[in-house]
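So the chains spell out like this:
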Amino acid sequence: MFDGRTACLVVVGAQWGDEGKGKLVDVLAEQADLVVRYQGGANAGHTVVIGDTQFILRQIPSGILHPGVTCIVGNGVVLEPETFFGELDQLAQRGISTAGRIWVSDRAHLVLPYHKLLDAASEKSQKLGTTGRGIGPAYEDKYGRRGIRVTDLRRLECARSLLADRVQRANRLLEMMGSPERASFDQHVELLERLAPRILPLAADAGLLVHRAVREGKRVLLEGAQGSLLDVDHGTYPYVTSSNTTAGGAAVGAGIGPTLIQGVLGVVKAYTTRVGNGPLPTEAPSPHGDRLRELGGEFGAVTGRPRRCGWFDATVVRYAARVNGLTGLAVTKLDVLDGFEEIPVCTAYRLDGAACDEMPAEVETLGQVEPKYEVLRGWARPTGGARRLGDLPPEARTYLDRLEELSGVPVRYVSVGTRRDQIIEVKTG
Ligand code: GDP
């Protein structure tokens, strides 16, 4: 996707997350100079497999696995410092040096232990299926204008007085919510004092770094977490995450103007999954749903929760194409469909007997739609060894052509396995 016209590219999930963005970013990062995470927190678990080693990155952009790439945690991310440094340490243990090539926006907000306590308490009353990592409460504080940002660590006395107020407020809320837990002010102070000397050398005006890189003609990847249907504005509200996962959020969360972005790659699985609660119109009953889960390893990278599995839903991907302005699609996990005799694809919905081609605003309505399926022929030959479209069984190519037609977006990549080399780049023109 990087070419003479595209130097600044967004990679977004075009379904409910877990589409394999980590692998795509890893593949694309080979050609990139800079990789930026623009939203989300430590709830996103990108999985990248190199050789026999599996890396799960929650806070650090997966581009870090390429030695020449600089990585940035953008202002739109909520940073959980302990996970972040845990990841840096793990990378160091595996011989991957990150010195001088990771920066954190000084405008990024911190996720602190009291956010996790609040998350756990509110999940008890409003079951949204959150990962319980404090992301939602940290974004609430950000928009409530009472967040604590990386830059606040530059003046620890100030951070201390902010903390006194925030911890007290959190404890009042916990009491109101009937939680027995309480946050400790002293522990929070100790945490910030311990972390500040590690974070501050990495803190920078990240938007400026990204802006300069684009202006200098460097190749910049803006990496989204979760998926479009989990976007707080465009997703299946309230079963959504607390940030803008869609491409519009990339400009805001990386700290650049939208006119600098030249391409948006939507990552989709060749089928559909979702974790947590909320409607999933194409959810496949057993045995098909179970088979997709087993073959696709559809268990959360962070939580281990089994994902709900179903057939490809073109209504979802058309919608994602529109709200993200997708310029290309990357279809992942095609190999998981190997051996299915028939593969249903949802082309549109019906609601109360009438056609319903657009994504409804209410989850209740989405829960009532009836998917209209077209059944395509499956293929027996394994696809994992394919490196060009021509290596794929004809039925798999027909399947991809149909996904492209139904989505209205050209397929630019096809992933056929977990490994870095198991990728087909579709050459254009
Ligand atoms: P992300 O959050 O979008 O990066 O997605 P995850 O990392 O949670 O989920 C993707 C999972 O699928 C990881 O375990 C990947 O190793 C795996 N994966 C990615 N692409 C492929 C593929 O083409 N085939 C198979 N079988 N697995 C894949």
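Refer to the preceding data block for the structure.
Rules of the game
- Residues numbered from 1 in each chain as written.
- Predicted model: local features only at pLDDT ≥ 70, side-chain atom pairs only at ≥ 80, totals over all residues.
- Heavy atoms only, no water.
- Helix = DSSP H or I, 4+ residues; strand = E, 2+ residues; numbered from the N terminus.
- Rg over C-alpha atoms; globule rule 2.2 N^0.38 Å.
- Buried < 20%, exposed > 50% of the residue type's maximum accessible area, 1.4 Å probe, protein only.
- Contact = heavy atoms within 4.5 Å.
- Areas by Shrake-Rupley, 256 points an atom, 1.4 Å probe, with all protein chains shown as cover.
- Lys, Arg positive; Asp, Glu negative; His and termini not counted.
- Charge placed at Lys NZ, Arg CZ, Asp CG, Glu CD.
- Pairing = 2+ DSSP bridges.
- Axes fitted to C-alpha atoms, helices over the stretch in contact; angles between N-to-C directions.
- Salt bridge = Lys/Arg side-chain N within 4 Å of Asp/Glu carboxyl O.
- Near = heavy atom within 4 Å.
- Polar contact = N/O pair within 3.5 Å; in protein donor to acceptor, adjacent residues only side chain to side chain.
- Nonpolar A, V, L, I, M, F, W, Y, C, P; charged D, E, K, R; others polar.
- Domains from an automatic or database assignment.
- Arc of directions from axis to C-beta.
- Phe/Tyr/Trp six-rings, centres within 6.5 Å; stacked < 30°, edge-to-face > 60°.
- Lys NZ or Arg CZ within 6 Å of the ring centre and 35° of its normal.
- Disulfide = S-S within 2.5 Å.
- Expected span 1.5 Å × (residues − 1).
- Parallel < 35°, antiparallel > 145°, perpendicular 65-115°, else oblique.
- Left-handed = near helix turned anticlockwise from the far one by under 90°.

Visitor: Would you mind going over the overall build of the protein with me for this structure?
Guide: Counting secondary structure elements, the protein contains 12 helices and 20 strands. Here the C-alpha radius of gyration of the protein, 21 Å, is about what a compact globule of 429 residues would show, namely 22 Å. Along the first, second and third principal axes, the C-alpha set of the protein runs to 65 × 50 × 40 Å. A buried classification covers 57% of the 429 residues belonging to the protein. Across the protein, every contact between residues at least 6 apart in sequence was considered, and the portion connecting residues at least 24 apart equals 76%. Of the roughly 17,600 Å² that the protein leaves accessible, carbon and sulfur atoms contribute 49%. Charge separation in the protein, taken as the distance between the mean sites of 51 positive and 52 negative side-chain charges, equals 3 Å.

Visitor: Where do I start with the sheet that holds strand 20 (residues 423–425) in this structure?
Guide: Pairing between sheet strands relies on hydrogen bonds along the backbone, with the strands arranged either parallel or antiparallel. Taken in spatial order, the 10 strands make up an open sheet running 9-7-5-2-10-1-11-15-19-20, and their pairing is mixed. Sheet topology places strand 9 (203–204) and strand 20 at the edges, where each strand pairs with a single neighbour. Inspection of the sheet shows strand 5 (residues 70–73) paired to strand 7 (residues 102–105) by 3 bridges, in the parallel sense. Within strand 7, the residue paired with Ile 72 across the bridge is Trp 103. Seen against the sheet, helix 8 (residues 247–254) touches strand 1 (8–13), strand 2 (34–37), strand 10 (220–227) and strand 11 (263–269) and runs at an angle of roughly 125 degrees to strand 1.

Visitor: Whenever I open this one, the pattern of salt bridges confuses me. Can you help?
Guide: Side chains that differ in sign of charge can pair as their charged atoms come close. A full pass over the atoms with the stated rule returns 31 salt bridges. The partner of Arg 307 in a salt bridge is Asp 18, and the shortest N-O contact between them spans 3.2 Å. Linking Arg 307 in the loop between helix 9 (288–296) and strand 13 (308–310) with Asp 18 in the loop between strand 1 and helix 1 (21–29), this pair joins segments that are 289 residues apart in sequence. Its relative accessible area of 7% is what places Arg 307 among the buried residues. The partly exposed category is assigned to Asp 18, whose relative accessible area is 27%. The closest approach of N and O atoms between Arg 166 and Asp 165, which form a salt bridge, is 2.6 Å. A cluster of three or more residues bridged by salt bridges with shared partners is formed by Asp 18, Lys 269, Glu 298, Arg 307 and Lys 333.

Visitor: Help me understand the site of the ligand, please; the structure alone is not making it clear to me.
Guide: Taken together, 17 residues are adjacent to the ligand, and Lys 21, Gly 22, Lys 333, Asp 335 and Ser 415 come closest. For the ligand, an oxygen atom lies 2.5 Å from a polar atom in the side chain of Ser 415. When isolated, the ligand has an accessible area of 580 Å², and the protein chains bury 92% of it. Going through the elements one at a time, helix 1 and strand 3 (46–50) are the ones with two or more residues in the shell around the ligand. For the shell around the ligand, the residue count by class is 2 nonpolar, 8 polar and 7 charged. Formed jointly, the shell around the ligand draws a minimum of three residues from each of two domains, domain 1 (8–108 + 202–265) and domain 3 (268–425).

Visitor: What is the right way to read helix 7 (residues 206–215) from this model?
Guide: Three or four residues apart is the spacing at which side chains of an α-helix point the same way, because the helix has 3.6 residues per turn. The set of residues buried in helix 7 consists of Ala 206, Gly 207, Val 210, Ala 213 and Val 214. Along the long axis of helix 7, the arc covered by the buried residues comes to 130 degrees, so they all point the same way. The positive-phi residue at the C-terminal boundary of helix 7 is Gly 217, with phi of around 80 degrees.

Visitor: Looking at this structure, I do not really get the environment of Val 414. What am I missing?
Guide: Along the chain, the position of Val 414 falls in strand 19 (residues 411–415). Between the C-alpha atoms of Val 414 and Leu 337, which are 77 residues apart in sequence, the distance is 13 Å. When near neighbours in sequence (up to four residues on either side) are disregarded, Val 414 contacts Val 331, Leu 334, Leu 389, Leu 400, Gln 422, Ile 423, Ile 424 and Val 426.

Visitor: What should I look at first to understand the packing of aromatic side chains in this one?
Guide: Each pair of aromatic rings is reported with the distance of its centres and the angle of its planes. Applying the stated criterion across every chain yields a total of 4 aromatic pairs. Relative to Tyr 143, the ring of Tyr 139 lies with its centre 6.5 Å away and its plane at 15 degrees, an arrangement referred to as stacked. Residue Tyr 139 and its partner Tyr 143 are both found in helix 4 (residues 135–143); the two are separated by 4 residues, about one turn of the helix. The exposure class assigned to Tyr 139 is buried, which follows from its relative accessible area of 2%. Overall, Tyr 143 belongs to the exposed group, its relative accessible area being 55%. Over the face of the ring belonging to Phe 55 we find Arg 94, whose NZ or CZ atom lies 4.7 Å from the ring centre.

Visitor: Would you mind going over the state of the cysteines with me for this structure?
Guide: Cysteine pairs can be linked by a disulfide, which is a covalent bond between their two sulfur atoms. Going through the model one piece at a time under the given rule, you end up with 0 disulfides. Cysteine Cys 309 remains unbridged, with the sulfur of Cys 346 as its closest cysteine sulfur at 16 Å. Among the cysteines around Cys 346, which has no disulfide bond, Cys 356 carries the closest sulfur, lying 9.9 Å off.

Visitor: Can you help me understand the pairing of strand 5 in this one?
Guide: Across a regular strand the side chains alternate sides, sitting on one face of the sheet and then on the other. Relative to strand 5, strand 2 runs parallel, the two sharing 4 bridges. Across the sheet, residue Leu 34 finds its bridge partner in strand 5, namely Thr 70.

Visitor: Mind showing me how you'd approach helix 5 (residues 156–176) here?
Guide: In this model, helix 5 (21 residues) spans 30 Å end to end at C-alpha, consistent with the 30 Å of a helix rising 1.5 Å per residue. Note on helix 5: the residue one or two positions beyond its end, Gly 178, has a positive phi of about 80 degrees.

Visitor: Help me understand the packing of helix 3 (residues 113–125) against helix 4 in this model?
Guide: Any two packed helices are characterised by how steeply their axes cross, that is the angle between the axes, and by the distance between the axes. Interaxial distance between helix 3 and helix 4 falls to 7 Å at its minimum, and their mutual angle equals 115 degrees. With respect to each other, helix 3 and helix 4 are oriented roughly perpendicular. Here helix 3 runs over helix 4; the crossing is right-handed. Taking contact as the criterion, the partners of Tyr 114, His 115, Leu 118 and Asp 119 in helix 3 are, on helix 4, Ile 135, Pro 137, Ala 138 and Asp 141. Class assignment of the residues belonging to the contact of helix 3 with helix 4 gives a composition of 5 nonpolar, 1 polar and 2 charged.

By themselves, these are just geometric observations and shouldn't be taken as functional.
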